[in-house]
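Chain residues, written in single-letter form:
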Amino acid sequence: MLEIENLYIKINDKEIIKNLSLKIEDNELHVLMGPNGSGKSTLAKSIMGYFDNINGRILFNGLDITKLSIEERSKLGIFLGFQNPIEIEGLSTMTFLTHIAKGSSFKEKIDLIYSIADRLKIDKEMLSRSLNFGFSGGEKKRFEIMQMYLLKPKLAILDEPDSGLDVDSLKEIAKAISDYKKESNASILLITHYSRITNYLDINRVSVMLNGTIVKSGDINLIKEIEQKGYNYLVDSNV
Ligand code: ADP
Ligand code: MG
C-alpha cells in the first residue's frame, strides 16, 4: 500500500525527518508512536503532500507520489485526519461536507452526511456551525473521522485521534476506526503517544519514531515494552 524510502525533510534549515523508511501493507492497522516533537505529524503531512522540500521516495500502490499535490494524493485515496484541525469561521460545516461528499445528487449527499453523522453520534446542530469553530477537542476528533467516512480513503492517516477524549468517546472512536477498516478494506496509519486507544484496536504492526526516524518496528508487544520502559531505552540501546 505505502512505501517510504529514505525520507529527509528540512523545515527552516532544521532536519525534522532523517533517513526514514516505513512500509504499510494492504489492510494493515499500523500504529506509529513516539514522544512529542519526534516528527510524527511532519511525517503524516509529508505523506499527504504538504512539503515540497523533501528527499527520498514515497510510493503508493507502486506509484511514485513524491511530487504529487495534496489534491492528487487525495484523489488516489489518501486521507489525513489532523492532530489540530483548523477552525474556519464563516465557512458552514454543512457546506464544506456537501463539497467533499460523493453522490450523484444534492439529496443523496445530504442523506449520506446525515447517516454518517448519526452513526458517529455527531449532533446535527454542530453541522450548522462554522467549520470546527467552537468545536470541543472531542468534537473535532469525531469530525475528522466523519470526513474519513465521507471520503472513503484506501489509506487513512489519523494523527492522534485519541488526544483529549474521555474514555467513552475513546471507545467509540476506536470502534469507528476499526469498523471503517473492516468495511473498506483500508489501511490505517494511526499516530498516538498514548497506548490507551490501542487497547480497543486490532493492531497489525507498531513502529516507534524518535528524533525524526523510525527506530524500531514490531508487533503489539512493542507497545507493552514501551509502557514498561519508556521511549528512552530505545535511545540508549541504540537500535
Ligand atoms: P510530533 O507530531 O511527533 O509531536 P512534529 O512533527 O509536530 O512532532 O514536530 C517535529 C519537530 O519539527 C518539532 O521540533 C517541531 O518544533 C518542528 N516543526 C514542525 N513544524 C514546523 C514548522 N512549520 N516550522 C519549524 N519547525 C517545525
Ligand atoms: Mg504531532
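Below is a short write-up of the structure. Predicted model only: the values in this text are computed from it and were never measured. (Residues numbered from 1 in each chain as written. Chains lettered and ligands numbered in written order. Predicted model: local features only at pLDDT ≥ 70, side-chain atom pairs only at ≥ 80, totals over all residues. Heavy atoms only, no water.)

Focus on the overall build of the chain
Cut-off, in case you're wondering: We count a stretch as a helix when DSSP gives it H or I for four or more residues in a row; a strand needs E for two or more, and each element gets its number in order from the N terminus. For the radius of gyration, the atoms used are the C-alpha atoms, and the globule rule reads 2.2 Å times the number of residues raised to 0.38. Three labels apply to residues, based on accessible area from a 1.4 Å probe with only protein chains included: buried if under 20% of the type maximum, exposed if over 50%, partly exposed otherwise in between. The criterion used for residue contact is that any of the two residues' heavy atoms lie within 4.5 Å.
Along the backbone of the chain there are nine helices and 12 strands. Taken over the C-alpha trace, the chain has a radius of gyration of 18 Å; the compact-globule value for 239 residues is 18 Å, and the two agree within 12%. Dimensions of the chain along its principal axes, counting C-alpha atoms only, are 55 × 40 × 35 Å. Buried positions account for 49% of the 239 residues belonging to the chain. Long-range contacts, defined here as pairs at least 24 residues apart, represent 67% of the contacts in the chain between residues at least 6 apart.

As for the sheet that holds strand β5 (residues 63-64)
To keep it simple, the criterion reads: Any two strands between which DSSP finds at least two bridges are classified as paired. An axis is simply a line fitted to the C-alpha atoms; with a helix, the fit covers only the stretch in contact. Between two such axes, the angle follows the N-to-C directions and lies from 0 to 180 degrees.
Reading across from one edge, β2-β1-β4-β5 is the order of the four strands in this open sheet, with antiparallel pairing throughout. In the strand order of this sheet, the two ends are held by β2 (14-24) and β5, each with one partner. Direction of pairing for strand β1 (residues 2-11) relative to β2: antiparallel, over a ladder of seven bridges. If you follow I4 over to β2, its bridge partner there is L22. Docked against the sheet, helix α1 (residues 40-48) engages β1, β2 and β4 (54-60), running at close to 115° with respect to β1.

A short note on the coordination of the magnesium ion (ligand 2)
For the record, the criterion: Note on donors: an N, O or S atom is included if it sits within 2.8 Å of the metal, or within 3.2 Å for Na, K and Ca, and water is never included, so sites can look incomplete.
The protein atoms that coordinate the magnesium ion (ligand 2) are S41 (OG) and Q83 (OE1), at distances spanning 2.1 Å. Within this pair, whereas S41 is found in helix α1, its partner Q83 is found in the loop between β6 (78-81) and β7 (88-92), the two being separated by 42 residues in sequence. Among the residues examined, S41 registers a relative accessible area of 21% and is labelled partly exposed.

Points about helix α4 (residues 106-119)
Rule in force here: For a helix, the expected span equals 1.5 Å multiplied by the residue count minus one. Arc definition: directions from the helix axis to the C-beta atoms.
For α4, which comprises 14 residues, the first-to-last C-alpha distance of 20 Å matches the rise-based estimate of 20 Å (1.5 Å per residue) to within 8%. Considered for burial, the residues of α4 that qualify are K109, I110, I113, I116 and A117. Viewed end-on, α4 has its buried residues packed into an arc of 135°, placing them on one side of the element. In this fold, the buried residues of α4 make contact with α3 (93-100), α5 (124-127) and α6 (137-151). Once α4 ends, the next one or two residues include K121, with phi positive near 55°.

Details of unusual backbone geometry
Although it is not a glycine, N132 adopts a positive phi angle of roughly 60°. Relative accessible area serves as the criterion here: at 3%, N132 is assigned to the buried category.

Brief notes about the packing of α3 against α4
Heads up, the condition is: What sets the label is the angle itself: under 35 degrees gives roughly parallel, over 145 gives roughly antiparallel, 65 to 115 gives roughly perpendicular, and the rest give oblique. Each crossing is labelled by how the near helix is turned from the far one, with a counterclockwise turn of less than a right angle marking it left-handed and a clockwise turn marking it right-handed. Residue polarity follows a fixed list, in which Ala, Val, Leu, Ile, Met, Phe, Trp, Tyr, Cys and Pro are nonpolar, Asp, Glu, Lys and Arg are charged, and the others, Gly among them, are polar.
Relative to each other, α3 and α4 sit at 115°, their axes nearing to 10 Å. Judged on the interaxial angle alone, α4 and α3 are roughly perpendicular. The chirality of how α3 crosses α4 is right-handed. Taken together, the residues of α4 that come into contact with α3 (itself represented by M94, L97 and T98) are F106, K109, I110, I113 and Y114. Of the residues belonging to the contact of α3 with α4, the class tally is six nonpolar, one polar and one charged.

So, the site of ligand 1
Quick reminder of the rule: Proximity criterion: a residue is near a molecule or strand once any of its heavy atoms comes within 4 Å of it. Contacts described as polar in this section are N or O atom pairs within 3.5 Å, which, within protein, must combine one atom able to donate a hydrogen with one able to accept it, while residues neighboring in sequence count only if both atoms come from side chains.
As a matter of local geometry, ligand 1 sits amid I11, N12, K14, I16, P35, N36, G37, S38, G39, K40, S41 and T42. Here an oxygen atom of ligand 1 and a side-chain polar atom of K14 are 3.2 Å apart. At the level of secondary structure, the elements contributing two or more residues to the shell around ligand 1 comprise β2 and α1. With three residues, the single largest contributor to the shell around ligand 1 is α1.

Looking at the environment of I16
Topologically, I16 is positioned in strand β2. Measuring from C-alpha to C-alpha, the distance between I16 and A101 comes to 34 Å, with 85 residues separating the pair along the chain. The contact partners of I16, leaving out residues within four places of it in the chain, are I9, I11, G39, T42 and G212.

Concerning the sheet that holds strand β3 (residues 29-33)
Judged by pairing direction, the sheet is mixed, and its six strands sit side by side in the order β6-β9-β10-β3-β11-β12 without closing on themselves. Lying at the two open borders of the sheet, with one neighbouring strand each, are β6 and β12 (213-218). Pairwise comparison of adjacent strand axes, ignoring direction, gives a mean angle of 20° for this sheet. Lying on the sheet, helix α7 (residues 167-184) is in contact with β3, β9 (155-159) and β10 (187-192); it crosses β10 at an angle near 160°.

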